[in-house]
Amino acid sequence: MEPFLQGSLTELRELDLSSNSLYGAIPPEFGNLTNLQVLFLSNVGRCRIENLEWLSPLSHLEVLAMDGISLAKTNHWVDVILSLRKLYWLSLKGCELSQVMYPFSSFLNSSSSSIEVLSLQNNSLNSSMYRWLFPFTSNNLLSLGLSDNMLDGIPKYLGNLCSLETLSFYNNSAAVKFPDFLNNLSRCTSLSLKSLYASNNQFTGSLPDEIQKFTSLTGLSLSENQLKGTISKKLWELPNLNSLDLSENSLQGFPSSDYMSNLPDIEYIDLSSCKLGPRFPKWIQNLKNLTSIEIANTGISDTIPLKFWDSWPSQLTLLNLSSNNISGKVPDLSSNFDNNSVIDLSSNNFDGPITNVSSTVALLNLSRNKFSGGISFLCEVVHGFLVILDLSHNSLSGQIPDCLWHFKELQVLNLEHNNLSGRLPAFVGSMIKLEALDLYKNDLSEEFPKQVFRRNTIKHVSNDWLNYLDVSDNSLSGRIPSSTQLQSFDPSRYEGNLGLCGPPLTKKCHGDEESRIQHIIGESEGEGIDELDVWFYIGGAIGFTIGFWIACGALLLNRRGRYAFFIFLDSFKDWVYVKVVVFIANLQKRT
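How each quantity is defined
Residues numbered from 1 in each chain as written. Predicted model: local features only at pLDDT ≥ 70, side-chain atom pairs only at ≥ 80, totals over all residues. Heavy atoms only, no water. Helix = DSSP H or I, 4+ residues; strand = E, 2+ residues; numbered from the N terminus. Buried < 20%, exposed > 50% of the residue type's maximum accessible area, 1.4 Å probe, protein only. Contact = heavy atoms within 4.5 Å. Areas by Shrake-Rupley, 256 points an atom, 1.4 Å probe, with all protein chains shown as cover. Pairing = 2+ DSSP bridges. Salt bridge = Lys/Arg side-chain N within 4 Å of Asp/Glu carboxyl O. Phe/Tyr/Trp six-rings, centres within 6.5 Å; stacked < 30°, edge-to-face > 60°. Disulfide = S-S within 2.5 Å. Axes fitted to C-alpha atoms, helices over the stretch in contact; angles between N-to-C directions.

Looking only at helices and strands, the chain features 10 helices and 31 strands. For the chain, the proportion of its 591 residues judged to be buried stands at 45%. Relative to all contacts within the chain whose residues are 6 or more apart in sequence, the contacts with residues 24 or more apart total 58%. For the chain, the accessible area works out to roughly 28,900 Å², and carbon and sulfur atoms hold 51% of it.

Bringing the environment of glutamine 226 into the picture now. In this structure, glutamine 226 sits in the loop between β11 (219–221) and β12 (228–230). Spatially, the C-alpha atoms of glutamine 226 and phenylalanine 178 are 9.5 Å apart, while their sequence positions differ by 48 residues. Setting aside its immediate chain neighbours within four residues, glutamine 226 contacts Gln202, Phe203, Thr204, Gly205 and Asn249.

Now for the pairing of strand β24 (residues 395–399). Bridge count between strand β22 (residues 370–373) and β24: two bridges; the pairing is parallel. Looking across to β24, one finds that serine 372 is bridged to serine 395. Inspection of the sheet shows β24 paired to strand β26 (residues 419–423) by three bridges, in the parallel sense. The residue bridging glutamine 399 from the neighbouring strand is serine 421, located in β26.

A few words on the pattern of salt bridges. Per the stated rule, a full pass over the model turns up seven salt bridges. Its salt-bridge partner being glutamate 409, residue lysine 433 comes within 2.8 Å of it at the nearest N-O pair. Pair noted here: lysine 433 is in the loop between β26 and β27 (436–438) and glutamate 409 is in the loop between β24 and β25 (412–414), with a separation of 24 residues, a long-range link. A relative accessible area of 37% means that lysine 433 is categorised as partly exposed.

To continue, consider the packing of aromatic side chains. All told, the structure shown has 10 aromatic pairs when counted by the stated rule. Taking 5.5 Å as the distance between ring centres and 40° as the angle between the ring planes, the aromatic pair formed by phenylalanine 30 and tryptophan 54 counts as tilted. Here tryptophan 54 lies in the loop between β4 (46–48) and β5 (63–65) and phenylalanine 30 lies in the loop between β2 (23–25) and β3 (38–40), a separation of 24 residues in the sequence. In this pair, the class of phenylalanine 30 matches that of tryptophan 54, namely buried. Centroid distance phenylalanine 350 to phenylalanine 371: 6.4 Å. Interplanar angle 10°. Geometry classified as stacked. A residue pair is termed long-range when its members are at least 10 positions apart, and phenylalanine 350 in strand β20 (residues 349–353) and phenylalanine 371 in strand β22 qualify at 21 residues.

Let us now look at the state of the cysteines. All chains considered together, the criterion is met by three disulfides. Here cysteine 162 pairs with cysteine 188 through a disulfide, and the sulfurs are 1.8 Å apart. As the torsion about the S-S bond is roughly 135°, the cysteine 162-cysteine 188 disulfide counts as right-handed. Of the two residues, cysteine 162 is situated in the loop between β8 (143–145) and β9 (166–168) and cysteine 188 in the loop between α4 (178–183) and α5 (189–192); the sequence distance between them amounts to 26 residues.

Across the sheet, which stays open at both edges, the eight strands sit in the order β18-β20-β22-β24-β26-β28-β30-β31 with parallel pairing between neighbours. Each end of this open sheet is capped by a strand with a single partner; those strands are β18 (327–329) and β31 (499–501). Strand-to-strand twist across the sheet, computed as the mean angle between neighbouring axes with direction ignored, equals 20°.

Here it is in structure tokens:
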């Protein structure tokens, strides 16, 4: 790399070496690129940086990314960075900054920093870092990333950042009261902050009235904390709120439809594991622009009125009502869903037949309900894009329709714990993307179709066809097709089918040869003598016969022939001895 950097590249403006397999120290010759404005050195294999003095001549540098490169052996890197007066975008994710002994030599005035975007995620930083972070926190700062560290709170000076719009603070260890956390941001920052991502911390307390000060908030994520108590009604009065995630907390006290009518622009809401029940929240129908809603495990035990489904927000991409006790019929699900959408109604008490589903759905999970009837509704889906279909643990009956072969993208098909009958469908053999097939505990019968499971001969498929298969506890019969990947699954995946036989089961099929030799040279791939060995021994036997009579003729006709015969016999004896020993050794090894 050094010869490359020693050339006449002084006019170079942008250099991106990210995601390469370079190794060694970053050479100081980078400092020769004096007109460089953009430099990406993220994730460059085993590269390391021993000092950052080479950055000082790059006075025109505006964007710098060194994610994944260890700075543990560097000192005074803060001073070097702050000397770059035009730098506005800095990313140092995963740079082991917590191991730097002396990150600075002297503080510069915070107003000297021109940085607008600062990313310091995944550096195992604790709150002692705030003493050297201060110089970066000028009013130019728009985005600050402190996630995936070991921070237990934030200092009050961050509340004075009048331009800060995004604060990422998820995956820390902030075991503090959330009202105190908000209070440290409640000055100038509260007016500018648009996105606060603080999931997976240890915040305690409730969601207080102070939230009303953050009038610019469009996105708020506080999932996987320890928040309790009642949600302040002031939250629902925020004029610009667009995305809200309060899942995995113990919050309660959700307002009436009147309050939710103040949030016409909200598109995403996740209240999973909060205490919404027992009534179904009718305020959802007021959110006309809603595209994603998750209210799983919220204690709802109500019946959803059919007229409510009719007023469901259009263009949904995610509907998650799982792990409640919602009952009643599920209406036609063929409309109101956008491309690649997800429907999860699992673990409820829905009953009746499944009528229809949108062709735009990518994941459909209706498992662990009380659905009955057949699954022929899938035949109404034209050009379906289903990737995952889970109808397990219901009371579905009838045959598995052949129309499922239309779902070329299907990767997971789970129909276990139902009352499905008939044959194992042959269409499975044409579904080259199918990775998991679970038909456990049904009433499928007849034999395995031989065309269903075969050796993978499709060149563009990198792995075996199926990674998971379970057909146990059915009424299947006949031989498991041999020389296929079916022999690679555990025998337990076939148990409970009294009529099944053949490997990997120990039960032999009718007509199987019991001869030990036949077993060795049988049809099971990878066992016994291969075809080349068989023809070798056949050829040896033929050659021996011909040679024997030639030798006998020579012996009977003349004296020289007799001498030749004895020489031949002596060498042939040695040859036979070697072959027999090798054959017996191979035989013992394989049996």
